[in-house]
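A structural walkthrough
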Amino acid sequence: MKRTFIYVMVILVTVQFSYSQDSYTNFKWPEKKKAAVCLTFDDGQDSHLDNAIPLLDSLNMKATFYCPGNSEALHNRTAEWRKITKNGHELGNHSLFHPCDGSQFDWVKPEYDLNRYTLDQIRMELYTANTLLKAIDGKTNRTYGYTCSNFKVQGDTTFLAVVKQLFTAGRSDGPIPDTMENIDVNFMPSWCVDSPTGKELIDYVKEARRKGTVATFMFHSVGGGYLNVSNEALQELLIYLKDNEQDYWVDTFYNVTAYIANQSVNIE
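The structure contained in this document is the topic of the report that follows.

Each value, and the rule that gives it
Residues numbered from 1 in each chain as written. Predicted model: local features only at pLDDT ≥ 70, side-chain atom pairs only at ≥ 80, totals over all residues. Heavy atoms only, no water. Helix = DSSP H or I, 4+ residues; strand = E, 2+ residues; numbered from the N terminus. Buried < 20%, exposed > 50% of the residue type's maximum accessible area, 1.4 Å probe, protein only. Contact = heavy atoms within 4.5 Å. Areas by Shrake-Rupley, 256 points an atom, 1.4 Å probe, with all protein chains shown as cover. Disulfide = S-S within 2.5 Å. Core = buried A, V, L, I, M, F, W, Y, C linked by side-chain atoms within 4.5 Å. Salt bridge = Lys/Arg side-chain N within 4 Å of Asp/Glu carboxyl O. Axes fitted to C-alpha atoms, helices over the stretch in contact; angles between N-to-C directions. Parallel < 35°, antiparallel > 145°, perpendicular 65-115°, else oblique. Left-handed = near helix turned anticlockwise from the far one by under 90°. Nonpolar A, V, L, I, M, F, W, Y, C, P; charged D, E, K, R; others polar. Pairing = 2+ DSSP bridges. Right-handed = clockwise from strand over helix to strand, strands pointing away.

1. With respect to the overall build of the protein chain
Of the regular secondary structure elements, the protein chain holds nine helices and 10 strands. For the protein chain, the proportion of its 268 residues judged to be buried stands at 47%. Considering only residue pairs separated by 6 or more positions, the protein chain has 74% of its internal contacts joining residues 24 or more positions apart. Surface exposure of the protein chain reaches about 13,500 Å², of which carbon and sulfur atoms provide 53%.

Now the structure itself:
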C-alpha cells in the first residue's frame, strides 16, 4: 500500500512538472520572434520629440512615452504629441505631478511625496491624468509608468490594485524575466538607463533573446540631460534591432503587454 502511494505521488508530480514546462514552451512571440523589446521614455521631454522620435521614425519603430500632466513639453507642444500617437507611438500615463517617495529622493517636494498621499488621492490623480491624455489621443485604454518605480502611499500601502483597475499594464523596474511564466503585466520590470553605451544597450536585448522573454528600457533624457542616453548610443541600439528584426519584436509597451496577457490566458 505504501509503495503504491509513493508511485501515485511520483506520477502526479511528474504530470504537474510537465504541465508547467508545457506552459512555458507554449508561449510564443508573434512571427516566430525570439524576444520582445519595449522602448519607453519618461517625463514627456522636448528631447523625446526632437531626438528620439526622428530616430525611431527613420527606422519605423514604435515606442511608449510616459508623460506627466505637468510636463512643459506636453503643454507647449500638444499638437506634436498628438501627431506621434497617430503615427503609432503610445502616450502613457505618468501621473499628473510625478509624485515619488520623499524618503528615497531628496528632490521630491512635500506636496508630491507619496508618503503623504492617500489611496484615494493617488487614484484620483491617475484617473485625472487618464482624462487629460484621452483628450490628446482619444484613447481609453492605457498603460502606466510607475513614477520613480514607487508603488506605495503613506509609507506601506500599495496602490497596485489601483493600477490594475485603471490600466492595462504597469511598468516598474527590475531585471529581465528569466521565463514568461507567471508574468504580472501590472508590474513589469525595466532597466532605468544612465549614460549607457550602445554595446550595453545591445547586450541587454541579447540577454532577453537568450531567455526568450522581454527587454524593457526606461529612458529619460535623450541627447543630453539627466539619466541620459546619447543619440549615438540609442541609434546604435535601434540599428541593431532593425538589422536583427527576425529575432526581436519591437513595439509599444501597450501592444507587447496586451499580447502577453492574451497568451497567458490562452495557455492557462
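2. As for the state of the cysteines
Tallying each qualifying case throughout the model produces one disulfide. Free cysteine: Cys192, not disulfide-bonded; nearest cysteine sulfur from Cys148 at 9.1 Å.

3. A few points about the side chain of Ser95
Tracing the backbone through its elements, the reader meets Ser95 in the loop between strand 3 (90–93) and helix 5 (119–137). Ignoring sequence-local partners within four residues, the contact set of Ser95 consists of Cys67, Pro68, Gly69, Glu125, Leu126, Ala129, Tyr144 and Thr147.

4. Remarks on the nonpolar core
The biggest cluster of nonpolar side chains holds 41 residues, and the ones touching the most others in it are Leu39, Phe41, Leu56, Phe65, Phe217 and Phe219. Ranked by the residues each element gives to this core, the list is headed by helix 8 (residues 231–243), at six residues. Cys38, Val185, Val214 and Trp249 belong to the second-largest nonpolar core, a separate cluster that totals 15 residues.

5. A few points about the pattern of salt bridges
This model, assessed by the stated rule, comprises 14 salt bridges. A salt bridge links Arg123 to Asp120, with the shortest nitrogen-to-oxygen separation between them at 2.6 Å. Taken as a pair, Arg123 and Asp120 lie in helix 5 at a separation of three residues, close to a single helical turn. By relative accessible area, Arg123 is classed as partly exposed at 28%. Each of Asp46, Asp50, Arg77 and Glu80 takes part in salt bridges that share partners, so that together they form one network.

6. Some remarks on the packing of helix 2 (residues 46–58) against helix 4 (residues 78–86)
Packing of helix 2 against helix 4 brings their axes to within 11 Å, and their N-to-C directions diverge by 25 degrees. With respect to each other, helix 2 and helix 4 are oriented roughly parallel. Relative to helix 4, the crossing made by helix 2 is left-handed. Residues His48, Leu49 and Ile53 of helix 2 touch helix 4, and the partners they reach there are Glu80, Trp81 and Ile84. Tallied by class, residues from the contact of helix 2 with helix 4 come to four nonpolar, one polar and one charged.

7. Quick look at the pairing of strand 1 (residues 35–42)
In terms of residue burial, strand 1 counts as a mostly covered element, since eight of its eight residues are buried. Every second residue of strand 1 is oriented toward a common face, with Ala35, Val37, Leu39 and Phe41 on one face and Ala36, Cys38, Thr40 and Asp42 on the other, all of them buried. Relative to strand 10 (residues 248–250), strand 1 runs parallel, the two sharing three bridges. Its bridge partner being in strand 10, Ala35 is matched across the sheet by Tyr248. The pairing of strand 1 with strand 2 (residues 64–67) spans three bridges and is classified as parallel. Bridge pairing links Asp42 to Tyr66 in strand 2. Taken together, strand 1, helix 2 and strand 2 form a β-α-β motif whose crossover is right-handed.

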